[in-house]
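So you can see what is in the structure, the chains are spelled out below.
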Amino acid sequence: RLPIPGAVPGPAVLGLRAEEVRLRPATGEGTGVVRIIEHLGSDSLVVVTMKFGDLVARVPADTELRSEDRVAVSAGPRVHLFDPDAAGRRRESLPPAA
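This text gives an overview of the structure that appears in the document.

Quick notes on the pairing of strand E7 (residues 79–82)
1) Next: Relative to E7, strand E1 (residues 13–15) runs antiparallel, the two being bridged by 3 bridges. Looking at the pairing, Val13 lines up with Phe82 of E7.

Structure below.
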């Protein structure tokens, strides 16, 4: 369970773009392990293994991370919630589009 302020209550599948995944040094819950770092010039894609699966974060290329580093993961300001029973139908985006 993950409380998401402003979301309609109930089960949902959380969708995040790599640009919306935030990494910081691990301090407690929400931590994962860096598995792969793919350098792409000005950015890097970082694969982080969490207890529920893998996430991909897009970070600036100068971010100091190494394979096996423990990191805390959080979401940026934009997330998407999908109906778990409706074959990928988006339920809502937060914050709502203006």
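From this point on, the discussion continues.
So, the sheet that holds strand E6 (residues 70–75)
1) Next: Taking strand neighbours across the sheet as the criterion, the 5 strands line up as E2-E6-E3-E4-E5 in an open arrangement whose pairing is antiparallel. If you trace the sheet from one side to the other, it starts and ends with strand E2 (21–25) and strand E5 (53–60), each paired once. The average undirected angle you get between the axes of adjacent strands in this sheet is 45°.
2) Next: Pairing analysis gives 3 bridges linking strand E3 (residues 31–39) to E6, with the strands arranged antiparallel. Bridge assignment links Thr31 to a residue of E6, and that residue is Ala72.

Comments concerning the nonpolar core
1) Next: Formed by Val21, Val34, Val46, Val48, Met50, Leu55, Ala57, Val59, Leu65, Val71 and Val73, the largest nonpolar core amounts to 11 residues.
2) Next: Contributing elements (two or more residues each) for this core: strand E4 (43–50), E5 and E6.

So, the pattern of salt bridges
Pairing is possible between side chains that carry opposite charge, provided their charged atoms lie close to one another.
1) Next: Applying the stated criterion across every chain yields a total of 4 salt bridges.
2) Next: With a shortest N-O distance of 3.8 Å, Arg22 and Glu20 are connected by a salt bridge.
3) Next: Here Glu68 makes a salt bridge to Arg35, at a shortest N to O gap of 3.0 Å. Here Glu68 is found in the loop between E5 and E6, whereas its partner Arg35 is found in strand E3, with 33 residues between them in sequence.
4) Next: For Arg35, a relative accessible area of 36% puts it in the partly exposed group.

Conventions and cut-offs
Residues numbered from 1 in each chain as written. Predicted model: local features only at pLDDT ≥ 70, side-chain atom pairs only at ≥ 80, totals over all residues. Heavy atoms only, no water. Pairing = 2+ DSSP bridges. Helix = DSSP H or I, 4+ residues; strand = E, 2+ residues; numbered from the N terminus. Axes fitted to C-alpha atoms, helices over the stretch in contact; angles between N-to-C directions. Core = buried A, V, L, I, M, F, W, Y, C linked by side-chain atoms within 4.5 Å. Buried < 20%, exposed > 50% of the residue type's maximum accessible area, 1.4 Å probe, protein only. Salt bridge = Lys/Arg side-chain N within 4 Å of Asp/Glu carboxyl O.

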